[in-house]
Amino acid sequence: EVSEPEHIYFEEGIQQTILVEKGRIRFLESDCRDKICVKAGWLTKAGDKAVCIPSKTIIKINGESQQTDSIAF
């Protein structure tokens, strides 16, 4: 479980920053053209996902209920 905000940086290919906080995750920045992944905003519920097709990066919240039990990236 995340207790403090954490930034995940991808510096090869399309540069991106993913921000993880308790109970939520998002693409914070991306060098892709349209930035649809950034515009997706915070993912907070099981099944929520955001995709950056140019970088082939997917972030998704796994679980069966509204309460977050894990975050995969």
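Quick caveat: nothing in here was measured; it's all calculated off a predicted structure.

**Re unusual backbone geometry**
Even without being a glycine, K35 presents a positive backbone phi close to 60°. Among the secondary structure elements, K35 is positioned in the loop between β3 (24–30) and α1 (36–39).

**Some remarks on the state of the cysteines**
Evaluation of the coordinates by the stated rule reveals 0 disulfides. Not engaged in a disulfide, the cysteine C37 finds its nearest cysteine sulfur in C32; these two sulfurs lie 3.8 Å apart. A relative accessible area of 2% places C37 in the buried class. Note on C52: no disulfide assigned, nearest cysteine sulfur contributed by C32 at a separation of 3.8 Å.

**Describing the sheet that holds strand β1 (residues 6–10)**
Read across the open sheet, the 3 strands follow the order β1-β2-β3; overall the sheet is antiparallel. Here the strands that pair on one side only, and so sit at the sheet edges, are β1 and β3. Recorded for the sheet is a direction-independent mean angle of 20° between the axes of neighbouring strands. Note that β1 and strand β2 (residues 16–21) share 5 bridges and pair antiparallel. Its bridge partner being in β2, E6 is matched across the sheet by V20.

**Let's talk about the environment of V20**
In this fold, V20 is placed in strand β2. When its relative accessible area of 4% is taken as the criterion, V20 is described as buried. Note: C-alpha distance between V20 and W42 (22 residues apart in sequence) is 9.4 Å.

Thresholds, definitions, all that
- Residues numbered from 1 in each chain as written.
- Predicted model: local features only at pLDDT ≥ 70, side-chain atom pairs only at ≥ 80, totals over all residues.
- Heavy atoms only, no water.
- Helix = DSSP H or I, 4+ residues; strand = E, 2+ residues; numbered from the N terminus.
- Disulfide = S-S within 2.5 Å.
- Buried < 20%, exposed > 50% of the residue type's maximum accessible area, 1.4 Å probe, protein only.
- Pairing = 2+ DSSP bridges.
- Axes fitted to C-alpha atoms, helices over the stretch in contact; angles between N-to-C directions.

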